[in-house]
Amino acid sequence: MSQMKHIDNTPSTPGKFKIEKSPYNRLRLQFSLAKIIFWSLVFVGLIFVFFYRSPSSSSHVSSDLFRRSLRTSSYGGPAWEKKIKASAKPRSSNGMCVLVTGAAGFVGTHVSAALKRRGNGVLGLDNFNDYYDPSLKRARQELLERSGVYIVEADINDATLLKKLFEIVAFTHVMHLAAQAGVRYAMENPSSYVHSNIAGLVNMLEVCKSVNPQPSIVWASSSSVYGLNTKVPFSERDRTDQPASLYAATKKAGEEIAHTYNHIYGLSITGLRFFTVYGPWGRPDMAYFFFTRDILKGKSIPIFEAANHGTVARDFTYIDDIVKGCLGALDTAKKSTGSGGKKKGPAQLRVFNLGNTSPVPVSDLVSILEKLLKVKAKRLIMKLPRNGDVQFTHANISLAQKEFGYKPTTDLQTGLKKFVRWYLSYYGNGKKSAQ
Ligand SMILES: O=C(O)[C@H]1O[C@H](OP(=O)(O)OP(=O)(O)OC[C@H]2O[C@@H](n3ccc(=O)[nH]c3=O)[C@H](O)[C@@H]2O)[C@H](O)[C@@H](O)[C@H]1O
């Protein structure tokens, strides 16, 4: 009755009839309320079903973005800012303070740990997407947390979040490693490459150009920009206008975008062309990683060969060598020259190959794995598919050597031994296996 009284006391809207106090009207009102509640529940249910359909469905990208935005909305608060400041604080007052994007990724984890070890302030950023098993990213996050590196969970496309981070910490450097990796996956999910490698990169640079002081930026390009180039070894001066995959095209576009932001806004930018990086805590989508998993499982592994039984080879580069290259690039990066979106003078713009200068045929990689795992691989020789793969990569590293003493020291045999040791200790002897 008191409820009815409340409704009855509500001023009537002009032009609408007033509710009268009859038992019939009361019944009608209760019935309408029940209808409203029912249809609201149906509506909420439909929204829920729409956004949480399986990732393989057509709404893959939108549901993924939705989940990401849900996650990014959880940041904020004094405790959160305190964690950020503690993580980003360098050991000495004039030390480097680095924002590492893609910090829960393979290279990101190793670079973050190395920077922290030598006393730099490091803050990580990662969206923990499910391109490959996110539990591996969580394990890397735990590893970093133990060494004092906090990872903010957000997407590089979140400009509000990025600006907030720069308000909390005046980063001297950004090590931009967040990206959609993988050459072959670009045919399955092209928009994810545009989202991360183009839109995400631009968003990062937009924020970096507008803050004061502007940070210096070092970012991950790729050996794949050499595409169909046949002149070996690949030198930074060689043509890079024939990408063989959308992945390569987005990395090449990134290099041009870097030029623009350097030219207009005075951002100091260094691009690093990584050559097939491998090692402990690596990426399960890469051949050396899933070959290991499948050899242990007794599954056959597809080994590509070029036309006329041509050898397919890669300049496989061990992670510790890549880390040294990243640190060298950061240490020799000059300051950006702009402030608050205005260029004050010319700024540094560089690009370096970071490879091993020693290409190895994929079939030799498999032979090394067979010896280390003590299991014979079931080799399935296949024609190199026309989906982005190139036949051969080989880095000329003289520029990085000259600029910051880059000198890789780990051969494939030694590097794979360390990888296999890690793999077996992480997944167990085939009992728990990589996905
Ligand atoms: O340097 C880069 O810029 C890129 O390196 C890496 O690409 P790739 O060099 O293609 O590495 P990866 O897939 O491990 O294939 C290795 C070899 O195995 C051959 N390969 C591959 C798959 C297969 O089933 N069979 C096979 O023979 C294949 O033909 C190839 O010869 C990164 O993934 C990429 O993100 C990017 O960083």
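Check the entry above for the structure.
Scoring rules and cut-offs
- Residues numbered from 1 in each chain as written.
- Predicted model: local features only at pLDDT ≥ 70, side-chain atom pairs only at ≥ 80, totals over all residues.
- Heavy atoms only, no water.
- Helix = DSSP H or I, 4+ residues; strand = E, 2+ residues; numbered from the N terminus.
- Buried < 20%, exposed > 50% of the residue type's maximum accessible area, 1.4 Å probe, protein only.
- Contact = heavy atoms within 4.5 Å.
- Areas by Shrake-Rupley, 256 points an atom, 1.4 Å probe, with all protein chains shown as cover.
- Axes fitted to C-alpha atoms, helices over the stretch in contact; angles between N-to-C directions.
- Parallel < 35°, antiparallel > 145°, perpendicular 65-115°, else oblique.
- Left-handed = near helix turned anticlockwise from the far one by under 90°.
- Nonpolar A, V, L, I, M, F, W, Y, C, P; charged D, E, K, R; others polar.
- Near = heavy atom within 4 Å.
- Polar contact = N/O pair within 3.5 Å; in protein donor to acceptor, adjacent residues only side chain to side chain.
- 1 Å grid on protein atoms, 1.4 Å probe; cavity = no way out; pocket = protein on both sides within 12 Å on 5 of 7 lines; lining within 4 Å.
- Points joined across faces, edges and corners; volume = space filled by probe spheres on them.
- Core = buried A, V, L, I, M, F, W, Y, C linked by side-chain atoms within 4.5 Å.
- Salt bridge = Lys/Arg side-chain N within 4 Å of Asp/Glu carboxyl O.

A few words on the overall build of the protein. A count of helices and strands for the protein gives 14 helices and 13 strands. Counting only residues that meet the buried cut, the protein has 52% of its 435 residues in that class. Across the protein, the fraction of contacts at a sequence separation of at least 24, relative to all contacts at a separation of at least 6, is 81%. Here the protein displays about 21400 Å² of accessible surface, and carbon together with sulfur accounts for 58% of that area.

Moving on, we get to the packing of helix H4 (residues 78-88) against helix H7 (residues 159-168). Between two packed helices, what matters for the description is the angle formed by their axes and the separation of those axes. At their nearest, the axes of H4 and H7 sit 10 Å apart, and the two run at 65° to each other. With respect to H7, the axis of H4 lies roughly perpendicular. Here H4 and H7 pass one another in a crossing that is right-handed. Across from Trp80, Glu81, Ile84 and Lys85 in H4, the residues of H7 making contact are Leu161, Lys164, Leu165 and Ile168. A breakdown of the residues in the contact of H4 with H7 according to their chemical character gives five nonpolar, no polar and three charged.

Turning our attention to the packing of helix H5 (residues 106-117) against helix H11 (residues 319-332). At a minimum axis separation of 10 Å, H5 and H11 run at an interaxial angle of 60°. Classified by the angle between their axes, H5 and H11 sit oblique to one another. Both H5 and H11 take part in a crossing whose hand is right-handed. Counting all contacts with H5, which are made through Phe106, Val107, His110, Val111, Ala114 and Leu115, the residues of H11 involved are Ile319, Ile322, Val323, Cys326, Leu327 and Leu330. When its residues are assigned to classes, the contact of H5 with H11 shows eleven nonpolar, one polar and no charged.

Before going further, it helps to examine the site of the ligand. Around the ligand sit 24 residues, and of these Arg184, Ser222, Ser223, Ala287 and Pro302 come closest. Side-chain polar atom of arginine 314 to an oxygen atom of the ligand: 2.8 Å apart, as the coordinates give it. Against a free-state accessible area of 700 Å², the protein chains account for coverage of 95% of the ligand. Among the secondary structure elements, those contributing two or more residues to the shell around the ligand are helix H10 (287-297) and strand E8 (300-305). Its residues assigned to classes, the shell around the ligand shows 15 nonpolar, five polar and four charged.

Moving on, we get to empty space enclosed by the protein. If you roll a probe as big as a water molecule over the atoms, it shows you where there is empty space left. Under the defined criterion, the tally for this structure stands at one cavity of 30 Å³ or more. Put simply, the largest cavity is a space of about 50 Å³. It is helix H8 (residues 190-210) that provides the largest number of residues to the lining of the largest cavity, a total of three residues. Considered class by class, the residues forming the lining of the largest cavity number five nonpolar, three polar and one charged.

Another aspect to go through is the nonpolar core. General note: in soluble globular proteins, nonpolar side chains tend to be found buried as a group. One finds Met175 and Phe274 to be the most contacted residues of the largest nonpolar core, which totals 77 residues. Tallying contributions element by element places helix H14 (residues 412-427) first for this core, with eight residues. Contacts of methionine 175, omitting those with residues within four sequence positions, involve Val98, Leu99, Val100, Thr101, Val111, Val218, Leu272, Cys326 and Leu330.

Following asparagine 212, the chain continues to proline 213 via a peptide bond in cis, the omega torsion being 0°. One can find proline 213 in the loop between H8 and strand E5 (216-222). Proline 233 follows valine 232 through a cis peptide bond whose omega is -10°. Along the chain, proline 233 falls in the loop between E5 and helix H9 (246-265). Phi is positive for tryptophan 281, which is not a glycine, with a value near 65°. Tracing the chain through its elements places tryptophan 281 in the loop between strand E7 (277-278) and H10. Its identity as a non-glycine residue notwithstanding, threonine 357 has a phi of 60°, on the positive side. In this structure, threonine 357 sits in the loop between strand E11 (349-354) and strand E12 (360-361).

What follows deals with the layout of surface pockets. Of the volumes computed, that of the second largest pocket is approximately 460 Å³. The class makeup of the residues in the lining of the second largest pocket is ten nonpolar, six polar and four charged.

Summed over the entire model, instances satisfying the criterion amount to 16 salt bridges. Lysine 252 is paired through a salt bridge with glutamate 256; the nearest N and O atoms lie 2.8 Å apart. Separated by four residues within a single helix, lysine 252 and glutamate 256 lie in helix H9, roughly one turn from each other. For lysine 252, a relative accessible area of 17% gives the class buried. Glutamate 256 gets classed as partly exposed once you look at its relative accessible area, which sits at 40%. Residues participating in the shared-partner salt-bridge network are Arg184, Arg314 and Asp389.

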